[in-house]
Amino acid sequence: MAAVGLKTTQYSVLANVARKALPVAELAERLGMERTTLTRNLKPLMDAGWVASRPGADSRQRIVTITEAGQQKLADSFPVWCGAQRAFEQLVGRDAVRALHTQLDSTLAQLTPLIEDLPHAHPE
């Protein structure tokens with residue numbers, strides 16, 4: 001992804017925001033990261049003009065949207081992303097990739113409730 005000037009996390013954020021404009025908290029949940037981590041990851045994307053935020057339903061909520069420049073960056077990055085996925089699949093094998101995805105999904109499903117119960121997950 002470095003060839004197109006993106007980190008894999010940035011590509012993932014762009015791809016998810018392109019599907020649907022979302023509040024920061026919902027986007028963080030969808031990406032499996034903490035809201036503060038996502039906020040840090042959004043800054044360079046905003047600085048580049050690839051994503052923007054607008055007010056949500058109340059003054060505390062921010063909705064993340066993809067810009068036209070962000071859509072173009074995503075379109076330019078997609079072939080590189082696909083190539084990286086194919087190369088990884090060729091390296092480890094299709095069955096191993098599927099097993100890895102299954103294991104990651106299972107692990108996230110088990111860890112998410114534990115993480116949500118941590119005190120810092122619900123600041124007052």
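Going by what an unreviewed UniProt entry lists, the protein chain is known as MarR family transcriptional regulator and is assigned to Massilia atriviolacea.

**Overview of helix 1 (residues 8-19)**
One turn of the α-helix equals 3.6 residues, which is why residues spaced by three or four share an orientation. Given a rise of 1.5 Å per residue, 12 residues ought to cover 16 Å, and the 17 Å separating the end C-alpha atoms of helix 1 matches this to within 8%. Every buried residue of helix 1 is listed here: Q10, Y11, V13, L14, A15, N16 and V17. Summarising the contacts, the buried residues of helix 1 are in contact with helix 2 (24-31), helix 3 (35-47), strand 2 (51-55), strand 3 (62-66) and helix 4 (68-92).

**Here's the deal with the sheet that holds strand 1 (residues 22-23)**
Sheet architecture is open: three strands sit in the order 1-3-2, paired in antiparallel fashion. This sheet does not close on itself; its edge strands, each paired only once, are strand 1 and strand 2. In this structure, strand 1 lies alongside strand 3, joined through two bridges in antiparallel fashion. Across the sheet, the residue bridging to P23 is I63, located in strand 3.

**Considerations on the pairing of strand 2**
Note that strand 2 and strand 3 share five bridges and pair antiparallel. Paired with V51 across the two strands is I66, which belongs to strand 3. Hairpin remark: strand 2 followed by strand 3, antiparallel, with six residues in the connecting loop.

**A look at helix 2**
For helix 2, the set of buried residues is V24, L27, A28 and L31. Down the axis of helix 2, the sector holding all buried residues measures 100°, keeping them to one side. Where helix 2 is buried, its residues contact helix 1, strand 1, helix 3 and strand 3. Two residues or fewer past helix 2, G32 is found with a positive phi of approximately 70°.

**Details of the pattern of salt bridges**
In the structure shown here, the tally under the stated rule is three salt bridges. Salt-bridge contacts for R60 lead to D58; the nearest nitrogen and oxygen are separated by 3.5 Å. By relative accessible area, D58 is classed as partly exposed at 32%. With a shortest N-O distance of 3.1 Å, R94 and E89 are connected by a salt bridge.

Each value, and the rule that gives it
- Residues numbered from 1 in each chain as written.
- Predicted model: local features only at pLDDT ≥ 70, side-chain atom pairs only at ≥ 80, totals over all residues.
- Heavy atoms only, no water.
- Helix = DSSP H or I, 4+ residues; strand = E, 2+ residues; numbered from the N terminus.
- Expected span 1.5 Å × (residues − 1).
- Buried < 20%, exposed > 50% of the residue type's maximum accessible area, 1.4 Å probe, protein only.
- Contact = heavy atoms within 4.5 Å.
- Pairing = 2+ DSSP bridges.
- Arc of directions from axis to C-beta.
- Salt bridge = Lys/Arg side-chain N within 4 Å of Asp/Glu carboxyl O.

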